[in-house]
Amino acid sequence: MVSDPPYRGRLAPSPTGYPHLGHARTFWTAQQRAQAAGGALVLRNEDLDAARIRADFTAAMLEDLRWFGLNWQEGPDVGGPYGPYNQSERRTHYVAAIEQLRASGAVYSCRCSRRDVHEAAGAPHEAPPGEAWAPDEPLYPGTCRPPLRDGLAPGASLEPRAGTNWRFRVPDGAVLAFTDGRYGPQTATTGVHFGDFIVWRKDDMPAYQLACVVDDAAMRITEVVRGADLLLSTFRQLLLYHALGLTPPAFFHCPLVTDDHGVRLAKRHDPLSLRAFRAAGRTPEEIRQQFLTAGRAD
Ligand code: GLU
């Protein structure tokens, strides 16, 4: 009999600001699920976005999360067998993955600017008729997408990797499905909910979708617990797992925390940071208690 691998969960914060109540609530759920399964929790520092991160935020982030009561057994501050745990130190893993995707013809180079895509796709973006979800980014209109040859994308790219965006070619009109641990069966249609997406950026950095898949697989994560704002990204990532020949983890998406006016915390001008609560003399226990009554956007 083949037994399941031991549960491994992860916290994947980006040091772009101080952790707020939304992070705390999702991470608390991740910790509870890891503990209930008798498993391990990994902290991965998602510090790839040089324009948005600040070095001093990393230390503050770890300090605030520990203060709140989160404990990870592997991470940048404690080490572990699947390190390094700072994404900025994992470039060789990402380069290997993008080279694999280039060699198999799963990606193509794209010279469209963000503005080109916005203009061609047209705004605003609403949920298609009969669909619950709106696309989370403009659908790529296919300007740079090369034609399929005999049903297969052109093989090994000789183009240099740097200096251009690389997009993943999604199948046309495919209905994708997975079962979420919190929300149950989920489906999305390629070309309707999302289109060809960037996996490597023209500044020669991996995009979030690729780095996340490469790391969750390399760190042997068995369940990804994160906010429901990333449900559509999960479908993109499932396509990447498949293209890279990797086994996907299970997924559990958490409801997003809103403020008293129903505004998502991440979108607020002044997110309710743990640091601010702490300065105001609130205890972690009081904050956790508040989760039970706080507004939640499913
Ligand atoms: N660093 C990402 C964020 O903070 C993590 C997303 C994920 O959990 O996959 O949004």
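Here, every reference points to the structure presented above.
Small disclaimer: the values here were computed from a predicted structure and weren't measured.

Caption draft 1: The site of the ligand, seen in detail. Taken together, R10, A12, S14, E46, Y208, C212, R226 and L230 make up all the residues around the ligand. Contacts to the ligand include A12, whose backbone N or O atom sits 2.8 Å from a nitrogen atom. Here a nitrogen atom of the ligand and a side-chain polar atom of S14 are 2.8 Å apart. Relative to its free-state accessible area of 300 Å², the ligand is covered by the protein chains to the extent of 77%. Counted by class, the shell around the ligand contains four nonpolar, one polar and three charged residues.

Caption draft 2: Representation of the sheet that holds strand β7 (residues 197-200) in the model. Strand order in the open sheet formed by three strands is β3-β4-β7, and the pairing between neighbours is antiparallel. For this open sheet the edge positions go to β3 (107-110) and β7, each flanked by a neighbour on one side alone. Each strand axis lies, on average, 45 degrees off the axis of its neighbour in the sheet, ignoring direction. Relative to strand β4 (residues 165-168), β3 is paired through four bridges, and the arrangement is antiparallel. Within the sheet, the bridge partner assigned to S109 lies in β4 and is W166. Each of β3, β4 and β7 touches helix α3 (residues 91-103); the most contacted strand, β7, lies at about 125 degrees to it.

Caption draft 3: Quick peek at helix α5 (residues 208-218). Burial within α5 is extensive, with nine of its eleven residues counted as buried. Buried residues of α5: Q209, L210, A211, C212, V213, V214, D215, D216 and A217, and no others. A positive backbone phi angle near 55 degrees is found at R220, which sits one or two residues after α5.

Caption draft 4: Local environment of the environment of L48. One can find L48 in the loop between β2 (40-43) and α2 (55-68). Each C-alpha atom of the pair L48 and P15 lies 9.4 Å from the other, and the pair is 33 residues apart in sequence. Setting aside chain neighbours within four positions, we find L48 in contact with Q87, S88, Y94, M205, P206 and A211.

Caption draft 5: Local environment of the side chain of E46. Within the secondary structure layout, E46 lies in the loop between β2 and α2. With a relative accessible area of 9%, E46 lands in the buried category. Separated by 2.9 Å, the side chains of E46 and R44 make a polar contact.

Caption draft 6: Highlighting the environment of R201. Considering the arrangement of structural elements, one finds R201 in the loop between β7 and α5. Sequence spacing of R201 and G163 is 38 residues, and the spatial spacing of their C-alpha atoms is 8.1 Å. For R201, the residues in contact, after removing those within four places along its chain, are D49, T164, N165 and A207. At 2.7 Å, the side chain of R201 forms a polar contact with the side chain of D203.

Caption draft 7: Representation of the side chain of D180 within the structure. Its location among the elements puts D180 in strand β5 (residues 175-180). Buried and unpaired, D180 has R182 as its nearest opposite-charge partner, separated by 6.7 Å. Within the local environment of D180, its side chain forms a polar contact with the backbone nitrogen of R182, the two atoms lying 3.0 Å apart. Not counting residues within four places of it along the chain, the set of residues in contact with D180 comprises Q186, F251, F252 and H253.

Caption draft 8: Geometry of the nonpolar core. Core analysis: the biggest nonpolar cluster contains 39 residues, and F168, F194, V199, L210 and L240 have the highest contact counts within it. Residue assignment for this core shows that the elements contributing at least two residues are α3, β4, β5, β7, α5 and α6 (231-244). With seven residues, α6 is the largest single contributor of residues to this core. When residues no more than four places from it in sequence are discounted, the contact partners of V199 are I98, V107, W166, F168, P206, A207, L210 and L240. If you look at the next biggest cluster of nonpolar residues, it comprises 24 residues, including Y7, L41, F252 and L274.

Cut-offs applied
Within each chain, residues carry numbers counting from 1 in the order of the written sequence. Restriction of local features to residues with pLDDT of at least 70 applies here, the model being predicted, together with a cutoff of 80 or more for giving and counting side-chain atom pairs; totals for whole chains, interfaces and linings are based on all residues. To obtain the side-chain values, all non-hydrogen atoms of the structure were used and water was disregarded. The near set for a molecule or strand comprises every residue that places at least one heavy atom within 4 Å of it. By the criterion applied in these results, polar contacts are pairs of N or O atoms within 3.5 Å in which, for protein atoms, one can donate a hydrogen and the other can accept it, and in which residues neighboring in sequence qualify only through two side-chain atoms. To measure how exposed things are, a 1.4 Å probe is used in the Shrake-Rupley method; for residues, cover is taken only from the protein chains shown. Lys, Arg, Asp and Glu make up the charged group, whereas Ala, Val, Leu, Ile, Met, Phe, Trp, Tyr, Cys and Pro make up the nonpolar group; the residues left over, Gly among them, are polar. When DSSP finds at least two bridges between two strands, those strands are taken to pair. Put simply, DSSP marks the helices as runs of H or I at least four residues long and the strands as runs of E at least two long, and each gets a number from the N terminus on. Angles shown run from 0 to 180 degrees and are taken between the N-to-C directions of axes, each axis being a line fitted to C-alpha atoms and, for helices, limited to the stretch in contact. Residue contacts are defined here by distance: any two heavy atoms, one from each residue, within 4.5 Å place the two residues in contact. Each residue's exposure class comes from its accessible area (1.4 Å probe, protein chains only) as a fraction of the maximum for that residue type: buried when under 20%, exposed when over 50%, partly exposed otherwise. Positive residues here are Lys and Arg, negative ones are Asp and Glu, while His and the chain termini are left out of the count. Criterion for a salt bridge: a side-chain nitrogen of Lys or Arg within 4 Å of a carboxyl oxygen of Asp or Glu. As used here, the term nonpolar core means buried Ala, Val, Leu, Ile, Met, Phe, Trp, Tyr and Cys residues forming a set that is joined through side-chain atoms within 4.5 Å.

All quantities given are derived from atomic positions and should not be read as evidence of function.
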